[in-house]
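Descriptive structure summary
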Amino acid sequence: MAGNASIRIVRLRALIDHPRTGDGERAAAQRMLDRILSSSRLPHASGDRTYGARHHRVGRHSNLPRIAEMIREDIALARVAFAPATHRGQPAVSDPIADAPAGISYTVSTPHDSEVVIALENVPQEWGWVSEYGIETTSAALRALVDALADLMNGYNRDGLDIGTRFFGRIRVRGETLAW
C-alpha cells in the first residue's frame, strides 16, 4: 500500500508541475495530493470543532455549489489519474473510484441549502448487487465505492457545537440513500 501511495504522489506532483496542465485539473490534482498526504493524519480539530482534510481548500466562506464543483473535479481526477498499475509479482492494489465500471455516471448536486448529494447512475446490476436467498443487497465493490465517495465528500465538511455542520451529505444509488 505504501508503494502505491508513493506512485500516486509522484504522478500527482508531475501533473501539478506540468506546464500544460489546466487550472482546474491542477487544482483537483492538488486536492487529491492533499488528501493522500493527510490520510494518515486525523482530521484537524480545534476545541470541539472538527474539520475535514480538504476543508481548507475551499475556504470557510465558500458556498455549496463551489464545494460540489470541487467534489466533481476530485471524482473525475480519481477516475483517470489512478488507473491501477500492477507490476508482475506484486499484489494488485485497488482504488474503489478508479476500479468502478466506466459506465457509471456521477452527479454531484446541492438540492437544498445545506445538502450535497452524489448520485450514481448506470451502475451495472451484476457489479453493484448480489442476491442471496432471494434478498438483494449491495456488493462489496459498490459499498467500497460509496465509502470512498463519502470520505471524499466529508473531507470538505466541518462540525462543532458552536459552528454546526457545514452541509449534510448523501450518496444515492437507484433512488436509495446508501450513505449519509
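Residues numbered from 1 in each chain as written. Predicted model: local features only at pLDDT ≥ 70, side-chain atom pairs only at ≥ 80, totals over all residues. Heavy atoms only, no water.

**Here's the deal with the sheet that holds strand S9 (residues 176-179)**
Two pairing modes exist for strands in a sheet, parallel and antiparallel, and in both the strands are linked by backbone hydrogen bonds. Strand order in the open sheet made by the four strands is S3-S4-S8-S9, with mixed pairing throughout. A single partner strand is all that each edge strand has here, and the edge strands are strand S3 (105-112) and S9. On average, each strand axis in the sheet is inclined to that of its neighbour by 35 degrees, with strand direction left out of account. Against the sheet, helix H7 (residues 140-154) engages S3, strand S4 (115-121), strand S8 (168-173) and S9, with an angle of about 155 degrees to S8. (Pairing = 2+ DSSP bridges. Helix = DSSP H or I, 4+ residues; strand = E, 2+ residues; numbered from the N terminus. Axes fitted to C-alpha atoms, helices over the stretch in contact; angles between N-to-C directions. Contact = heavy atoms within 4.5 Å.)

**Here we look at the side chain of Glu 115**
Inspection of the secondary structure puts Glu 115 in strand S4. Beyond its immediate stretch of four places on either side in the chain, Glu 115 contacts Leu 64, Ser 109, Thr 110, Phe 167, Phe 168 and Arg 170.

**Digging into the side chain of Thr 21**
Here Thr 21 is to be found in the loop between helix H1 (2-17) and helix H2 (23-38). For Thr 21, the contacting residues outside a window of four places in its chain are Leu 15 and Arg 26.

**Quick look at the environment of Val 108**
Along the chain, Val 108 turns up in strand S3. The contacts of Val 108, once residues within four sequence positions are left out, are Ala 68, Ile 71, Arg 72, Ile 75, Val 116, Val 117 and Ile 118.

**A look at the pairing of S3**
Of the pairings in the sheet, the one linking S3 to S4 comprises six bridges and is antiparallel in character. Counted as the bridge partner of His 112 is Glu 115 from S4.

**Quick word on unusual backbone geometry**
One non-glycine residue, Tyr 133, adopts positive backbone phi at about 55 degrees. By the element assignment, Tyr 133 lies in the loop between strand S5 (129-132) and strand S6 (135-138). Its relative accessible area of 79% is what places Tyr 133 among the exposed residues. Residue Arg 174 is not a glycine yet carries a positive backbone phi of 55 degrees. With respect to the helices and strands, Arg 174 occurs in the loop between S8 and S9. Residue class for Arg 174 comes out partly exposed when judged on its relative accessible area of 47%. (Buried < 20%, exposed > 50% of the residue type's maximum accessible area, 1.4 Å probe, protein only.)

These figures come from the coordinates and say nothing about function on their own.
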